[in-house]
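# Notes for the structure review
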Amino acid sequence: MIQLRNIERTYKTGAGVTYVLRRINLDIREGEFVTVMGPSGSGKSTLMSIIGMLDDSWAGEYYLLEHAIHKLDRKKRSELNRKYIGFVFQSYHLLDNLTVYENLDVPLSYRNIPGRQRASMVAEILDRFQIVGKKDLYPNQLSGGQQQLVGVARAVVGNPKLILADEPTGNLHSSQAKEIMELFKKLNDQGATIIQVTHSEANAAYSDRTIQLFDGWIAKDPANPEASPVAAQSR
Amino acid sequence: METVLQDLRYGWRMLWKSPGSTVVAVITLALGIASTTAIFSVVDEVLLHSLPYPGSNQIVSVSQTFRSTGAGASASPANYLDWVAQNHVFSSMAASRGMQGNLTDGERPERVRFAMTSSNFFPLFGVDALLGRGLLPRDAKAGSEHVAVLSYGFWKRRFASDGKILGRNLTLNGEPYTVVGVMPANFAPDDYEELWLPSPWDVPPYPLAPQKDPRPLRDSSYFDVWARLKPGMTLEQARAEMDAIARRLEKQYPDADADVGISVVRMQDSLVKDIRPALFILLAAVVLVLLIGCGNVANLLLARATDRTKEVSIRTALGASRTRLVRQLLTESVLLALFAGVVGILLARWAVPALLALSPPDISNFSRVGLNPEVLGFSVLVSVVSGILFGLAPAFHASRPNLNDALKEGERGSTHARGGTRSALVVAEVGLSLLLLIGAGLMVKSFVRLMNVDPGFDPDHLLVFSIGLPPSSAPEQQDAFYQQVENRLQAVPGVQSVGAVSRLPLSGGNSDRTFKIPGSDKEYNADIRISTPGYFQAMGIPLLKGRNLTQQDRTGSTQVAVVNEALARSVFPGEDPIGKYISDFGPLNDKVQIVGVVGNVRHAGLEIMPRPEVYLALGQAHWPSIFMAVHCKTSDPLALTAAVQNAVWSVNQDVPLANLRTMQDVIANSVLRRKFTMLLLTIFAGLAMLLAAVGLYGLMSYMVSKRTHEIGIRMALGAQKADVLRLVVWQGMSLVALGLLMGVVVSAIASRLMSGLLFGVSATDPVVFGGIATLLAGVALAANYVPARRATKIDPMVALRYE
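Conventions and cut-offs
- Residues numbered from 1 in each chain as written.
- Chains lettered and ligands numbered in written order.
- Predicted model: local features only at pLDDT ≥ 70, side-chain atom pairs only at ≥ 80, totals over all residues.
- Helix = DSSP H or I, 4+ residues; strand = E, 2+ residues; numbered from the N terminus.
- Rg over C-alpha atoms; globule rule 2.2 N^0.38 Å.
- Buried ≥ 20, exposed ≤ 12 C-beta atoms within 10 Å, placed from the backbone.
- Contact = placed C-beta atoms within 7 Å.
- Pairing = 2+ DSSP bridges.
- Axes fitted to C-alpha atoms, helices over the stretch in contact; angles between N-to-C directions.
- Expected span 1.5 Å × (residues − 1).
- Bend = angle between axes of the 7 residues up to and from the residue.
- Left-handed = near helix turned anticlockwise from the far one by under 90°.
- Nonpolar A, V, L, I, M, F, W, Y, C, P; charged D, E, K, R; others polar.
- Parallel < 35°, antiparallel > 145°, perpendicular 65-115°, else oblique.
- Core = buried A, V, L, I, M, F, W, Y, C linked by C-beta atoms within 7 Å.
- Domains from an automatic or database assignment.
- pLDDT = per-residue confidence, 0-100.

### Section: the overall build of chain A
Secondary structure assignment for chain A yields eight helices and 10 strands. Taken over C-alpha atoms, the radius of gyration comes to 18 Å for chain A, in line with the 18 Å a tight globule of 235 residues would show. Looking at chain A as a whole, 44% of its 235 residues qualify as buried. Restricting to contacts in chain A with at least 6 residues of sequence separation, those with at least 24 account for 66%.

The structure is reproduced here in C-alpha cells:
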C-alpha cells in the first residue's frame, strides 16, 4: 500500500542543514498494523506527517496505492489525504468550539458529502462508538479517554483506508489506553491499515510489526533487515 | 449553500467566543461605516442623484459672462429674448428673478421670498402642481398676472397645509394675488422657493423700475435663465451655438454686449459646483477612517489567527482545502463587518440629522438627504468589502500554518510573518491618520486665518435687518420711509448709531455697474451701494479722505459719491480722487463727484479681495429694499429686537423686518461652508488618530505578550526596568517614525489637491506638518508607553515558568 524510497527531510538552520529523516525505505502492505518507535527527535512524527501528506518539504519517492505522491502537487495530495487517510493525535485535537457531533461532521463536510448522507454517517459512527449520548457535548465536557474516543471516531468516520495515530494514548491512563488500542485492533481486523507512533511496548504489541527509528534513520525493520546499514554502523 | 450556512454558524460562534475583541472590532468598524454612510448620504443626494425633474440632465442654466474675467451670472431681458428667438438647441427657455416682498395678510406682516417667472418656467421643469396648477402663458398678460403659486414649504408653514387654499387671496406688496396652485415638496429650482408669480411682460421686471416694460433693457442683467436641451442635443452643441449667438450680439450691440459671452452649465452642476470639492475631500477622509479601522481589525484578527493556528492545522489535517479555510475565515470577517454595518447604520441615523444641522445651505437645501435604499445598499456593500479587506490577510496567514509544529504538543506556531504584517498595518495606519490630521490642520489654520481677516467694518454690537416698501411706492416715498425709520431707530434707548445700505457685506447678492471718467472712453466696473450718511459710522467703516455723505446730498443737489480705497487706487493711481468725477454710472444721467474715500469692505466673502465700490446717497439714488445697520451700546444687540421692531412699525405697521440678526451671525453664515468642511475633517482626523493610537496600543500589547519569555530572560540576566521600557518603546516608536515619514510624503502630495479649499496657508505649510507630526508622535508615545510599562512589571520567574 505504501512504498517510501530514499525519503529525506531536512531543516535549514543557521549552522547549515539538519537532517530529520535520512534515506527512509519502507513498505507497508494493505491491512497491516505497524508501530513506529524511537526516542524523541528520531523523526517519528515527521515520518507520519509525510505519510499523511501534511508535510511537502521532503525528497525521495512516495507511492500510496497506485499514486506517485512525489509527483503530485499540494492540491492533489490534499484530495488523496481526504480520500484515504484518517488522523488520530496524542492530544486529541478536537475543535473546542464544536460539539462532538460537529467534530465528527467536519471531515465529511470537507469531502463535500451531501448533508443527509453526512448525517447518516455521523449517526452510524456515534452508534458504533457508543457515544450517542455525548453528541451535543463540547470537548471540554468530556474526559481524556472520551475525547480520544471521539478523536478515533473522527478519524474513521470517512472510512479511510489508512489510519495514522501519533501517540494516541500518550495522554491517557492505562485502562483508557487499553480500550483505545483494542478499538484500533478491531478497526485493523475490519480491514483498515494502521500506522501508530508510540513509546509504549504494550501498545506496540497490538501491531503486526514494529519499526525503530534513530536520529532519522530506520534502525530496525523486521520486514527489511537491510533497511539501514549506515544507521547500524553509526550505532 | 449548506457549507456556507455551516461557516456562518461557526463564524457566529467564534465571534461570541471572544466577546471583548468582537465588541472592540465592531465599534471600530461601526465608527468608520457610520462616517462613510453619513457622508455618502449627502454625496448621493447632492452629487449622484438626478434632480427631481423629468429629464433633468437636459436642463441647463444659461447666463451671461464676461469673457475676459469669467465673471457674471445673470441675463438681461433683451439678450434673453434674442437667445430665445435665435437658438436651435433648446426646446424651451425660461427666466426667473428672485425678490423679497411684504405679505401683509395675517397677524403680522412677513417678508417673503418670491420669484417673478416667465410663463414657460413651470412647463420647462415638467413638474405637475400638487394642488391646482402652475403658471400658464395666459397669466403673463397685463391684467391677468395677479395669481400666485405657492411652494410646498410655504403652504405648510404659513397656511398649515390648508387643502382649500386654491382661490384664496394674498396681499403681497400691497397688491392682491389669487392662489392658483401649490407645488410639491421637491420642486425648488432656485432658492426663492416661497412663491412664484407671473411677469406681466413675460420676462421678470427690472427691480429698480418694476412698472416699466423691461424688454428693451440690454445692459441690465438681473435674472436667471433656464433651458431644456432638445432631445439628442449635447451640451457641447448648445455651448457652440450660444457662443455664436453671443458673438453676433456683441457685433450688433457693441455698447451693451462688449466682452459678453454665454455660459451653459448643467443645472445640477450649477447647483453643486461650490460644495463638490469639499464633499469629495470629506468622502476621501471617511474612506481613510474606514481603512484605518479595517487596519485595526485586521491586526486584531491576525492576533486571533495566531491563537487559532492549532485549530486551523487540525482542520487541514482533517482534509480542509486552503480555499475552504480562507472561505470560512472570510465568512467570519464578513459576519463581523455586517454586525458593524448594522451598528454603523444606526449611528448614521443619528449622525445624518446632526450633519445636516451643521451643513451650509448648499447641502441642507437638499431636503431628501437621508438613509434611502441606495445609501443603505452602499453601507452594506461597504461592510462586506471591509470584511473582505480586513479579513483577507489574517485568512491567508491562518490558512498556511506550519502543520508539523502546530500539531506537536507544546509547540507554538511561528508569529514572525504575522508580526511583519501587523507592523506594516500599524505603519500604514499612522501614515494615513497623519494625512488626515494634516488635512484637518490646514483647514483649521485656513479658518483661523480667515476669521482674522479684517472685514473692513466692526461687526460687534451690530444688529442688521432688511426692510422694503412695495415696489409700487414712489422712490421719494421709499427714501422718506427709510429716513424716517433711521431717525426712529436712532431714538431707541441703547442705540448708538444707525445707517442704511442697499447691499450689506457678506449677506449674498451684489450689484455692479460700469462707469467712465469724463474725457476718457475707458470703461470701469464697480459695485454700487446706496447708503445713508449714518451707514459708515454704524458699521465702523473709516473715512480715509474727504467727507462723508450728508443729509444735504439730496435730489436736486450735486450728485456725489463716496468711493472705497480699492476704486481710488485702481482708477486714480497716484492721484487725489476727491473732487474728481465719474460718468455713465448705471442709471444716473449726471456726472457724479467723488467727495470722500472710505476703507475697503470684504463684501462677497472674507476670503475675496475687495472690489471697487461706489456709495451713492440715498435720496440721490434709489433702491427697492434696504438693509438697516443698528450699532447698539449693549454687547447683546438681539436684546433690542423688540424695540427695533416697534420703531419700524411705528412708521409703517405693514412693513415686516426680514433676516434680523447680529452682524457676527452674518459673518458666521458667510463662512459656514468652510466651517462645515473644517469641523468634519477635524472630527474624522481625530477619529483616525484615536484609531491609529488604539491600533498601536494593540500591537504593542501583543508584542509584549509574545516577548514575555524573552523579557523574563533579559530581566533574569540583569536588565533594569528602564532597559525594558526602552526596548519596547523603541520597537513601537520606530514603526511610528516610519509611518510619520510615509505620512509626510503622502500628505505633501495629497494636500495639493485641497489647495482650492485653503486660505492664507500653503498646502505644504511646514508649521502644520511639523506640529501635527509632533502631536501624533506624542499620542503614539502615550499609546506605546502603557504596554511598555506593563512589560517592566513582568516577573522573570513567572515568565520563565510560563514558558
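From this point on, the discussion continues.
### Considerations on the overall build of chain B
Across its full length, chain B carries 25 helices and 21 strands. Counting the 803 residues in chain B, one finds 47% classified as buried. In chain B, the share of contacts with a sequence separation of at least 24, taken over all contacts with a separation of at least 6, comes to 82%.

### Section: the sheet that holds strand E4 (residues 58–64) of chain A
Spatially, four strands are ordered E2-E1-E4-E5 (chain A) in an open sheet, and the strand pairing comes out antiparallel. With one partner strand each, in any of the chains shown, strand E2 (16–28) and strand E5 (67–68) of chain A form the two edges of the open sheet.

### Quick look at the sheet that holds strand E10 (residues 217–220) of chain A
In sheet architecture, strand pairing relies on hydrogen bonds along the backbone and comes in two forms, parallel and antiparallel. All names here are of chain A. If you walk across this open sheet you meet the six strands as E6-E7-E8-E3-E9-E10, and the pairing is mixed. Each of the sheet's edge strands pairs with one partner strand only, and the pair in question is strand E6 (85–88) and E10. Here the strands of the sheet are splayed against their neighbours by 25° on average, with no regard to which way each runs. Here E6 runs beside strand E7 (residues 162–166); their pairing, made up of four bridges, is parallel.

### A look at helix H13 (residues 373–398) of chain B
With 26 residues, H13 of chain B should cover 38 Å at 1.5 Å per step; its first-to-last C-alpha distance of 36 Å lies within 8% of that length. Largest kink in H13 of chain B: about 40°, centred on glycine 391 of chain B, with the proline proline 394 of chain B one to four residues after it.

### A few points about unusual backbone geometry
Positive phi outside glycine occurs at histidine 93 of chain A, with the angle close to 50°. Residue position: histidine 93 of chain A is located in the loop between E6 and helix H3 (100–109). Overall, the presence of 25 C-beta atoms within 10 Å leaves histidine 93 of chain A in the buried class. Unusually for a residue other than glycine, aspartate 202 of chain B sits at a positive phi of about 65°. On the secondary structure map, aspartate 202 of chain B appears in the loop between strand E8 (195–198) and strand E9 (224–229). Note on aspartate 202 of chain B: 21 C-beta atoms within 10 Å, which makes it buried.

### Things to note about the packing of helix H11 (residues 322–358) of chain B against H13 of chain B
Between two packed helices, the angle of one axis relative to the other and the distance separating the axes together describe the packing. Residues and elements named next belong to chain B. Two elements in contact, H11 and H13, have axes separated by 7 Å at closest approach and are oriented at 145°. Here H11 runs over H13; the crossing is right-handed. Among the residues forming the contact of H11 with H13, the class breakdown is 18 nonpolar, eight polar and no charged.

### What about the packing of helix H2 (residues 19–48) of chain B against H11 of chain B?
All names here are of chain B. H11 packs onto H2 with a crossing angle of 45° between their chain directions and a minimal axis gap of 6 Å. What the angle tells us is that H2 and H11 run oblique. Considering only the axes of H2 and H11, their crossing is right-handed. Class assignment for the residues of the contact of H2 with H11 results in 19 nonpolar, five polar and no charged.

### Structural notes on helix H1 (residues 44–51) of chain A
Residues and elements named next belong to chain A. In terms of burial, H1 is a largely internal element, eight of the eight residues being buried. When we look at burial in H1, the residues that qualify are Lys44, Ser45, Thr46, Leu47, Met48, Ser49, Ile50 and Ile51. Phi turns positive, to about 65°, at methionine 53, one or two residues after H1.

### Quick notes on the nonpolar core
One broad rule of soluble globular proteins: the nonpolar side chains tend to lie buried together. Residue and element names in this part refer to chain B. Counting residues in each nonpolar core, the largest one holds 236 residues, and the members touching the most others are Met628, Val630 and Ala688. Of the residues forming this core, the biggest block, 20 residues, is contributed by helix H21 (residues 672–706). A domain split of this core shows at least three residues from each of domain 1 (1–50 + 272–414) and domain 3 (470–651). Filtering out sequence-adjacent residues up to four positions away, methionine 628 remains in contact with Val464, Phe465, Ile467, Val485, Leu489, Val498 and Ala500. By size, the runner-up hydrophobic cluster in this structure holds 57 residues, among which are Val62, Leu81, Tyr206 and Val264.

### Remarks on the pairing of strand E9 (residues 209–214) of chain A
Residues and elements named next belong to chain A. Relative to E9, strand E3 (residues 33–37) runs parallel, the two sharing four bridges. Bridge pairing links threonine 35 to threonine 210 in E9. Counting the residues that bridge the hairpin from E9 to E10 gives two residues, and of these aspartate 215 lies at a positive phi of roughly 50°.

### Some remarks on the confidence of the model for chain B
Residues and elements named next belong to chain B. Summing up the model confidence of chain B, the mean pLDDT is 87 and the portion of residues at 70 or higher is 95%. The model gives residues 409–417 a pLDDT under 50, and that stretch makes 14 contacts with residues more than four places away or in other chains. In the model output, the complex is listed with pTM 0.77 alongside ipTM 0.71.

### Describing the environment of leucine 436 of chain B
Residue and element names in this part refer to chain B. Relative to the helices and strands, leucine 436 resides in helix H15 (residues 416–451). Considering only alpha carbons, one finds leucine 436 and glycine 519, 83 residues apart in sequence, at a separation of 58 Å. Aside from chain neighbours lying at most four places away, what touches leucine 436 is Ala285, Leu288, Phe684, Ala685 and Ala688.

### Digging into the environment of phenylalanine 684 of chain B
Residue and element names in this part refer to chain B. Mapped onto the elements, phenylalanine 684 comes out in helix H21. A count of 27 C-beta atoms within 10 Å places phenylalanine 684 in the buried class. Taking C-alpha positions, phenylalanine 684 is 18 Å from leucine 672, a pair spaced 12 residues apart along the chain. Ignoring anything within four residues of it in the chain, the contact list for phenylalanine 684 reads Ser35, Ala285, Val286, Val289 and Leu436.

### Overview of the pairing of E9 of chain B
Residues and elements named next belong to chain B. Among the six residues that make up E9, six are buried, leaving the element largely enclosed by the rest of the structure. Of the two faces of E9, the one holding Asp224, Trp226 and Arg228 and the one holding Val225, Ala227 and Leu229 are both buried throughout. The pairing of strand E1 (residues 59–66) with E9 spans four bridges and is antiparallel. Counterpart to isoleucine 59 in the pairing with E9 is arginine 228. Here strand E2 (residues 90–103) pairs with E9 via six bridges, running antiparallel. Its bridge partner lying in E9, methionine 93 is registered against alanine 227.

### Here's the deal with the confidence of the model for chain A
Residues and elements named next belong to chain A. Summing up the model confidence of chain A, the mean pLDDT is 87 and the portion of residues at 70 or higher is 96%. Least confident of the elements in chain A is helix H8 (residues 229–234), whose mean pLDDT is 48; most confident is E3, at 95. Within the model, pLDDT remains below 50 along residues 231–235, and this stretch shows five contacts once partners closer than five positions in the same chain are excluded.

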